[in-house]
Amino acid sequence: MPELIKETEKDFLDYVKKMQSYNEALNLIYWDLRTGAPKNGLEQRSQVIGVLSSELFKMSTSEEMAGFIATLSNDESELSTITKKTLEECKKEYEKNKKIPAKEFEEYVILQSNAENIWEQARAASDFDMFKPYLEKLVAFNKKFIGYWGYEGNKYNTLLDMYEPGVTVEIIDKVFGELRDVIVPLVKKIAECGNRPRTDFLYHPFSKEKQKEFSLKILDQMGYDFGSGRLDETVHPFAIGLNPGDVRVTTRYDENDWRMAVFGTIHEGGHALYEQNISKQLLGTPLCTGTSMGIHESQSLFYENILARDRAFWENNFDLLKEYADGQFDDVTLDEFYAAINEAKPSLIRIESDDLTYALHIIIRYEIEKGLFNDEIEVKDLPAVWNDKYEEYLGIRPENDAEGVLQDVHWSGGSFGYFPSYALGYMYAAQLKNAMLKDLPKYEELLRTGDLNPIREWLTDRVHQFGKSKKPLEIIEEATGEGLSATHLANYLVEKFSKVYQLSE
């Protein structure tokens, strides 16, 4: 029997490696599509994507996969740790896809494609009623899928598990509630304090070429390996990992606001460092990627918000920025610059929000989604519910659907359960920094000197190398010595913004 298991294990890993090869090819096509592929080839490229995606789906639900799962699950004691974890991932995917009738899945994919197109039109017209029937169908489909997949505790848990395995409504209610109760009064206090940083100097013309040169310097400082990646331009920035030896970063330039490219590059660079430093032992398996959306976001938000908005970071890099900025900051002090890049004020648009109010945008979406899938909110009521929550939490009210309920693309693609990962990532990031300080007490000095390698190495040792072989809460508990906590992010935000805005106790 052990000989049969070993032979089946080898065949299984070869089969999975073939699937990962298709996946890598797909990712390369997606990168090319978003970074300047010729428009005349898009129709044929879509056909290729369809063929490869279909092949992947078939392989994940094939009789061959079912055979591997049945045989290997009977005697897991003979399997390597990597094979066990790979089998667990494949089994989860197999069972999820197999439980949906093929005809319904096809209908749903077509609906997703049509819904995104209608959403774009509805947002342009600021007319939720155009999108409403499509969203109602998307929600109905997902409710039906939850019925097929089953759920424990709260129905919404099944959707959360797709993006943040092991994280439940019970956990999120607690940490989001704690965070909300700290941020809402802090936002109000800042609005009433009267202190406003000078920000005019942020918006002077800054050439794209110079922004790119500076961004490359910062990526290098972060420890991004250019032998295993590259920086390109796109409309919607992203990082994509083909494998640890090929992880690409993209950014978007605005010559009237350099922050979009610089902080965007740092954000995507955080994602990329994660992918570049996954153990090569996981190559060719579904474990060779980030363990969850939240842990991935923790890496990008750690670098973008916690590290790159720290005063010590700019003690090292402000003069360098001046070299590229053509006089833009010549009459600006470091303290003025630091206050400007940490300006906090309520805004209606999530992607334009500052790092204090950002979590509130996510909490609002979480509360709405949870209500939708527990039959407490109907799709037709979403604009009013959305507007009321913005007024309650941020003190501002959308004037139309485009700046309100229609601003995000996620729902048009059926991505319910995705949003919480953004705020969870911010919590993970603050928690990791708190633990990091115990091992790197000279953290601030590392930022002042630009020696960021010990920070990257600490993250690689505790987060990056494991890829998807450990679950998110397992990573956090082992790296920090405690379970998920809102305390560290809450303390970080209160301490930082009280200083920036000179708030009294």
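As the structure is a prediction and not an experimental result, all values here were calculated from the model.

## Observations concerning the pattern of salt bridges
Tallied over the full model, the rule gives 39 salt bridges. Between E136 and K132 there is a salt bridge whose closest N-O contact spans 3.7 Å. In this pair, E136 and K132 both sit in helix α6 (residues 128–149), four residues apart, roughly one turn of the helix. Classification of E136 by relative accessible area gives partly exposed; the value is 33%.

## A word on helix α2 (residues 42–60)
Spanning 19 residues, α2 covers 27 Å between terminal C-alpha atoms, matching the ideal 27 Å at 1.5 Å per step. Taken as a whole, α2 has its buried residues at I49, L52, L56, M59 and S60. Projected onto a plane normal to the axis of α2, the buried residues spread over an arc of 100° and lie on a single side. Along α2, the residues that are exposed and aim more than 90 degrees away from the buried face are E43, Q44, Q47, V51 and K58.

## Details of the packing of aromatic side chains
Any pair of aromatic rings gets described here by the distance separating the centres and the angle formed by the planes. Tallying each qualifying case throughout the model produces 32 aromatic pairs. One aromatic cluster in this structure is built from F201, F214, W258, F263, F313, W314, F318, Y324, F329 and F337. Lying over the aromatic face of F238, R34 brings its terminal NZ or CZ to 5.0 Å of the ring centre. Its end group placed over the ring of Y134, K137 keeps NZ or CZ at 6.0 Å from the ring centre.

## Some remarks on the nonpolar core
Among the nonpolar cores identified, the biggest contains 137 residues, and W258, F302, W314, F329, F337, L382 and I455 are the most heavily contacted of them. No other element matches the 11 residues that helix α16 (residues 420–439) contributes to this core. Ignoring any residue separated from it by four or fewer positions in sequence, one finds F329 in contact with F201, F206, W258, F318, L321, K322 and F337. Membership of the second largest hydrophobic core comes to 20 residues, among which are M19, L56, L72 and L87.

## Notes on the packing of helix α11 (residues 293–307) against helix α18 (residues 453–462)
Remark: α11 packs on α18, axes separated minimally by 12 Å, with the N-to-C direction vectors making an angle of 150°. In terms of their interaxial angle, α11 and α18 are classed as roughly antiparallel. When the axes of α11 and α18 are compared, the crossing they make is right-handed. Where α11 abuts α18, its residues Q299, F302, Y303 and L307 lie against I455, R456 and L459. Broken down by class, the residue content of the contact of α11 with α18 amounts to five nonpolar, one polar and one charged.

## Brief notes about the layout of surface pockets
The rolling of a water-molecule-sized probe over the atoms marks out the regions of remaining empty space. Taken as a whole, the second largest pocket encloses approximately 470 Å³ of empty space. Lining the second largest pocket are 19 residues, with D310, K433, Y492, E495 and K496 positioned closest to its centre. At six residues, the largest contribution of residues to the lining of the second largest pocket is made by helix α20 (residues 487–500). Within the lining of the second largest pocket, the residues separate by chemical class into six nonpolar, three polar and 10 charged.

Conventions used here
Residues numbered from 1 in each chain as written. Predicted model: local features only at pLDDT ≥ 70, side-chain atom pairs only at ≥ 80, totals over all residues. Heavy atoms only, no water. Salt bridge = Lys/Arg side-chain N within 4 Å of Asp/Glu carboxyl O. Helix = DSSP H or I, 4+ residues; strand = E, 2+ residues; numbered from the N terminus. Buried < 20%, exposed > 50% of the residue type's maximum accessible area, 1.4 Å probe, protein only. Expected span 1.5 Å × (residues − 1). Arc of directions from axis to C-beta. Phe/Tyr/Trp six-rings, centres within 6.5 Å; stacked < 30°, edge-to-face > 60°. Lys NZ or Arg CZ within 6 Å of the ring centre and 35° of its normal. Core = buried A, V, L, I, M, F, W, Y, C linked by side-chain atoms within 4.5 Å. Contact = heavy atoms within 4.5 Å. Axes fitted to C-alpha atoms, helices over the stretch in contact; angles between N-to-C directions. Parallel < 35°, antiparallel > 145°, perpendicular 65-115°, else oblique. Left-handed = near helix turned anticlockwise from the far one by under 90°. Nonpolar A, V, L, I, M, F, W, Y, C, P; charged D, E, K, R; others polar. 1 Å grid on protein atoms, 1.4 Å probe; cavity = no way out; pocket = protein on both sides within 12 Å on 5 of 7 lines; lining within 4 Å. Points joined across faces, edges and corners; volume = space filled by probe spheres on them.

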